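A structural walkthrough
Chain residues, written in single-letter form:
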Amino acid sequence: MIKNSLIIFLLFFSFSTFSQDKKNEIDLIKTTIENYYNGYINRDFMLLEKAFDHQNGTMKVPILKDEKIIGFQNHFFKDLIQKWSSREKLSDDVLKKCALTILNIDIVEQKMASAKINMKVDTITYIDILSLQKIAGDWKITNKTFVIKE
């Protein structure tokens, strides 16, 4: 009886610890995604740099021919962060129309994750699929692909 109670306690404790660790990782990933969103809409270089792997990370950008996608090419975040942060500031009215919805997060071994987000910027809604990796203890977006919701 004591042995069974001990086993049940250990299983519960292990599951509880695992659940807490996963929740902490999800919170850290959410912070990374929020840094991306807030950095993007506020043109904030530092927040964008916190969110992305600015050494090797890339975004898949459509290659268009006759208004049709014929492929994708990689653009490095180190260049994109500079471009995004130097754009003209959004007006207060436009900022009020911006919204972020994190649709899902999937974590693998607390080292790698994927996230799907819905990001509304003024009248445009982007659906992003993000790949994240834990780099030097911090979650970073290492790859991004997107579509514009019509």
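It should be noted that the structure appears before, not after, this text.
Below is a summary of the structure that appears in this document. (Residues numbered from 1 in each chain as written. Predicted model: local features only at pLDDT ≥ 70, side-chain atom pairs only at ≥ 80, totals over all residues. Heavy atoms only, no water.)

1. A short note on the overall build of the chain
Within the chain, the regular secondary structure consists of four helices and six strands. Going residue by residue from the N terminus, the α and β elements of the chain occur as α-α-β-β-α-α-β-β-β-β. For the chain, the residues scored as buried account for 31% of the 150 residues in total. Sequence-distant contacts, at least 24 apart, represent 48% of the contacts inside the chain between residues at least 6 apart. (Helix = DSSP H or I, 4+ residues; strand = E, 2+ residues; numbered from the N terminus. Buried < 20%, exposed > 50% of the residue type's maximum accessible area, 1.4 Å probe, protein only. Contact = heavy atoms within 4.5 Å.)

2. Brief notes about the side chain of Ser85
Inspection of the secondary structure puts Ser85 in helix α3 (residues 77-85). The exposure class assigned to Ser85 is buried, which follows from its relative accessible area of 15%. Looking at Ser85, its side chain comes within polar contact range of the main-chain oxygen of Ile81, at 2.9 Å. Looking at Ser85, its side chain comes within polar contact range of the main-chain oxygen of Gln82, at 3.3 Å. Apart from the residues lying within four places of it in its own chain, the contact partners of Ser85 are Arg43, Asp44, Phe45 and Leu48. (Polar contact = N/O pair within 3.5 Å; in protein donor to acceptor, adjacent residues only side chain to side chain.)

3. A word on the pairing of strand β3 (residues 99-108)
Bridge count between β3 and strand β4 (residues 112-121): nine bridges; the pairing is antiparallel. Note that in β4 the partner of Ile105 across the bridge is Ala115. Between β3 and β4, which pair antiparallel in sequence order, lie three residues; one of them, Glu109, sits at a positive phi of approximately 55°. (Pairing = 2+ DSSP bridges.)

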